[in-house]
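Secondary and tertiary structure notes
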Amino acid sequence: MGYENGKIYWIVPQNNTGIALSVYGNTQVSQNRNVIVWSKQDVLDQLWRVDIDNGFARIKSAINYDYALNIWLGSSNYGNCDIHTWSDNKNDSKINFKTIDASRNLYLIQCYRNDADNNLYLTAESTASGANVKWAARNTGANQVWQLIEKTNAGGNTGTGGGLGPYGKYVYPTYCKKLSDDFRLKATDTERQHLGIDIRDKHADHGVYAFADGVVSFVQDANHPDSGTNMWTMGNCIAINHSNPTTNMSGQYARTLYMHLLSAPTLTPGQQVKKGDRIGTIGNTGKSTGPHLHFGLFVGNDARMAPGVKGWTSISLLPVVDPINALPFYHVDRS
Ligand SMILES: [Zn+2]
């Protein structure tokens, strides 16, 4: 046992494991958003990734790993615990796990901002659902001892993968959870723009599964690609407009895109698919240097996103988001 770098956990008080550390609100993150304890559920608000750095750790929200547990600026004893983008608040998000019982994953979570504040510990104000979470001096109350409960996930279309996330009920589109490339909204000096995630083909099940219920909006046969600019690069591909509005984005609809499939799709635009339906096999068609699934997630809120809408033209106009926020168990792993 013991916590491990990169794993996903619920963080629950030792003396009430029915509640869990939670981002306040409905699966939303924003700067300085409060952190509370809430009745434990299988939702991203309550799942946290432990990232170990050099001599300290950060606890990042599974809603969006750009955000980490943070101590309110200037706080001393009994300062508030909130979330903040760790990249621009590097010291305020540093923590240290002080072991109480590693065999049961019990720890104190110590503020590690600087020497003056290292006597502060993550503290639930009470063990009632909805109680606030603070940074307070060490006391003998068990509200400072936290248990890390690992979240494991079978994935694929087994019915146990996915869950109820910010995009409604969904499953993971593949069994393999290793990525060869992550999402970049904009190109950097060294890396190109990449409007999706590249999922590797490292599991015995090579299937590609519908992310959620919806209607097929676009298909392409790699042998007869659409005449639009660079359309051939997608190879055999399918797009699905999803039926259920998102739970945290003002009811906007999501569309998913599956590229480089092995074979030309047998589905046609307008056909309904159910969450977890097998829609294809991971392949290497189009602009691809090895078998992988490029998975894109688009969220919009107008008629172009209505579940029955068909055609490619409208897709390129939609806002695109990082799929990793919906699929927290995917991670870059080139091993
Ligand atoms: Zn890609």
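Residues numbered from 1 in each chain as written. Predicted model: local features only at pLDDT ≥ 70, side-chain atom pairs only at ≥ 80, totals over all residues. Heavy atoms only, no water.

**Thoughts on the overall build of the protein**
Looking only at helices and strands, one finds 0 helices and 25 strands in the protein. Taking all 335 residues of the protein together, 54% fall into the buried category. Restricting to contacts in the protein with at least 6 residues of sequence separation, those with at least 24 account for 62%. (Helix = DSSP H or I, 4+ residues; strand = E, 2+ residues; numbered from the N terminus. Buried < 20%, exposed > 50% of the residue type's maximum accessible area, 1.4 Å probe, protein only. Contact = heavy atoms within 4.5 Å.)

**Details of unusual backbone geometry**
Backbone geometry places Thr27, a non-glycine residue, at a positive phi of 50°. Despite not being glycine, Asn105 shows a phi value in the positive range, around 60°. Secondary-structure assignment places Asn105 in the loop between strand S8 (95-101) and strand S9 (106-111). Overall, Asn105 belongs to the buried group, its relative accessible area being 4%.

**Thoughts on the coordination of the zinc ion**
Within the protein, the atoms that donate to the zinc ion are His194 (NE2), Asp198 (OD) and His294 (ND1), at distances of 2.0 to 2.1 Å. Read in sequence order, the donor residues for the zinc ion give the motif H-x3-D-x95-H. Taken together, the positions of Asp198 in strand S16 (residues 197-200) and His294 in strand S23 (residues 292-300) put the pair 96 residues apart, joining distant regions of the chain. Judged by relative accessible area, which is 7%, Asp198 ranks as buried. (Donors = N, O, S within 2.8 Å, 3.2 Å for Na, K, Ca; no water.)

**Let's talk about the packing of aromatic side chains**
Tallied over the entire structure, the rule returns 7 aromatic pairs. Plain terms: the ring middles of Tyr3 and Tyr107 are 5.1 Å apart, the flat faces sit at 75° to each other, and that makes the pair edge-to-face. With a gap of 104 residues between them, Tyr3 in the segment before strand S1 (8-13) and Tyr107 in strand S9 connect regions that are remote in the sequence. Assessed through its relative accessible area of 1%, Tyr107 is described here as buried. Aromatic side chains Phe218 and Trp312 sit 5.0 Å apart centroid to centroid with 50° between the ring planes, which places their arrangement in the tilted category. (Phe/Tyr/Trp six-rings, centres within 6.5 Å; stacked < 30°, edge-to-face > 60°.)

**Thoughts on the confidence of the model for the protein**
Confidence in the prediction for the protein averages 85 pLDDT; 89% of positions are at 70 or higher. Note that pLDDT drops below 50 for residues 153-164; the model gives that stretch 35 contacts with residues more than four away or on any other chain. (pLDDT = per-residue confidence, 0-100.)

**Focus: the environment of Asp205**
Considering the arrangement of structural elements, one finds Asp205 in the loop between S16 and strand S17 (207-209). Sequence-wise, Asp205 and Tyr175 are 30 residues apart; in three dimensions their C-alpha atoms are separated by 6.5 Å. Residues in contact with Asp205, not counting those within four places in the same chain, are Tyr175 and Arg278. Within polar-contact distance, the side chain of Asp205 engages the side chain of Tyr209 at 2.9 Å. (Polar contact = N/O pair within 3.5 Å; in protein donor to acceptor, adjacent residues only side chain to side chain.)

**Quick notes on the side chain of Arg113**
Along the chain, Arg113 turns up in the loop between S9 and strand S10 (120-124). By relative accessible area, Arg113 is classed as buried at 11%. A polar atom in the side chain of Arg113 sits 3.4 Å from the side chain of Asp92.

**A word on the environment of Tyr3**
Tyr3 gets classed as partly exposed once you look at its relative accessible area, which sits at 26%. C-alpha separation for the pair Tyr3 and Leu148, spaced 145 residues apart in sequence, amounts to 7.2 Å. When sequence neighbours within four positions are dropped, the list of residues in contact with Tyr3 reads Tyr9, Val50, Ile52, Phe97, Asn105, Tyr107 and Leu148.

**Here we look at the side chain of Arg33**
Along the polypeptide, Arg33 turns up in strand S3 (residues 33-39). At 3.4 Å, the side chain of Arg33 forms a polar contact with the backbone oxygen of Gln28. Sequence-distant contacts of Arg33, defined by excluding residues within four places in its chain, comprise Val23, Tyr24, Gly25, Gln28, Asp82 and Ile83.

**Remarks on the pairing of strand S20 (residues 253-261)**
Of all 9 residues in S20, 8 are buried, a share of seventy percent or more. Pairing analysis gives 5 bridges linking strand S19 (residues 236-242) to S20, with the strands arranged antiparallel. Its bridge partner being in S20, Ala239 is matched across the sheet by Leu257. Pairing of S20 with S23 involves 7 bridges; the strand directions are antiparallel. Paired with Tyr258 across the two strands is Phe295, which belongs to S23. (Pairing = 2+ DSSP bridges.)

**Some points on the environment of Val273**
On the secondary structure map, Val273 appears in strand S21 (residues 272-273). Exposure remark for Val273: the relative accessible area of 3% places this residue in the buried category. Linking Val273 and Asn241, residues 32 residues apart in sequence, is a C-alpha distance of 9.7 Å. When neighbours within four sequence positions are excluded, Val273 is seen to be in contact with Ala210, Ala212, Asp213, Gly214, Val216, Ile240, Leu267 and Ile279.

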